[in-house]
Amino acid sequence: MVESSAVIAANWISFLVIAGSFVVLCFISLRYKGPGGNENYYNGFREQNMLTVIINLWCALAYFAKVLQSHSDDDGFVPLTKIPYLDYATTCPLLTLDLMWCLDAPYKITSAVLVFTVMITGVACSLAVAPYSFYWFAMGMVLFIFTYVLMLSIVRERLEFITQCAHDSNAKRSIKHLKAAVIIYFGIWPIFAILWLLSYRAANVISNDTNHILHCILDVIAKSCFGFVLLHFKMYFDKKLLESGVHEDEFAEYSKEVSKHREEKPWRKTASSYPESDYDEPVYMNGEDLNLNDPPAWGG
């Protein structure tokens, strides 16, 4: 079935924006030579930094299929055009991995698998007919709430730790990009469930065209905007570590030690209360000798 002009326009705009984001993100990521500017294949040896590129690529391909399908039923890729939320089952777990990796958070894979499971229930409730679609929706909401609360608690702790490590104004400005990514991730996710309830599959409050256009807008924000703000944080975070004299592996080791002692929460102080730190000292080189009362000063 040929789609309406509004849906066709939304598909084209989304495809062009997300495909353009993929090209720009790919160009920046491949050319980036590390915080020192002299390390070839920097992201090639840290391929988790390429997740945002892959996410935008997959999303662009999904919209390319929708562009073709909106003109003719014979030209689209059926799994991506006929099965709602199937493309999300790929991109959403990758978005989760990307965010959790940036935060050096625990339960990266677990969170991604949980998100994948939630997306599968979304596919099921969109394909099933009432009342079974509502059963699937209820199951999905239970998993969604559990995953949402688990991830939110982890992300809040990791975000607090990284924020406490940012001392100067430039580092704090970079933290704003990370916070923006967190807001996008946790702010947009519940909206998709609300749209399902408002669609013809449930309350039938909004039209199919309106529902589709809103999904397009959310996709651009969740993939492209999310990718750019997170990429800015990744690059600036590396630079600040270099300027502070801390190797990223040392920071990651320290970060893990803090997570193990989370019940003590010794870093819950104001930024001004931290003493100046010497990153060449063995205290930050050996996980067993870490002084958890003095987190590394990022941008000191």
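Residues numbered from 1 in each chain as written. Predicted model: local features only at pLDDT ≥ 70, side-chain atom pairs only at ≥ 80, totals over all residues. Heavy atoms only, no water.

Per an unreviewed UniProt entry, the protein goes by Cation channel rhodopsin 1 and derives from Guillardia theta. A UniProt comment under Sequence similarities (unreviewed entry) is attached to the protein, and it reads "Belongs to the archaeal/bacterial/fungal opsin family." (UniProt positions renumbered as here; feature names shortened; annotations may be inferred.)

Things to note about the packing of aromatic side chains
If you walk through the whole model with that rule in mind, you get 15 aromatic pairs. With a centroid separation of 5.3 Å and 85 degrees between ring planes, the pair formed by Tyr-148 and Phe-186 is classed as edge-to-face. Taken together, the residues Tyr-148 in helix 6 (residues 132-165) and Phe-186 in helix 7 (residues 169-198) connect sequence positions 38 residues apart. Both residues of the pair, Tyr-148 and Phe-186, count as buried. Members of the aromatic cluster, connected to one another through ring pairs, are Phe-144, Tyr-148, Tyr-185, Phe-186, Trp-189 and Phe-226. Over the ring of Tyr-42 we find Arg-46; its NZ or CZ atom is 3.9 Å from the centre of that ring. Across the ring face of Tyr-63, the terminal group of Lys-66 is positioned such that the distance to the ring centre comes to 4.5 Å. (Phe/Tyr/Trp six-rings, centres within 6.5 Å; stacked < 30°, edge-to-face > 60°. Helix = DSSP H or I, 4+ residues; strand = E, 2+ residues; numbered from the N terminus. Buried < 20%, exposed > 50% of the residue type's maximum accessible area, 1.4 Å probe, protein only. Lys NZ or Arg CZ within 6 Å of the ring centre and 35° of its normal.)

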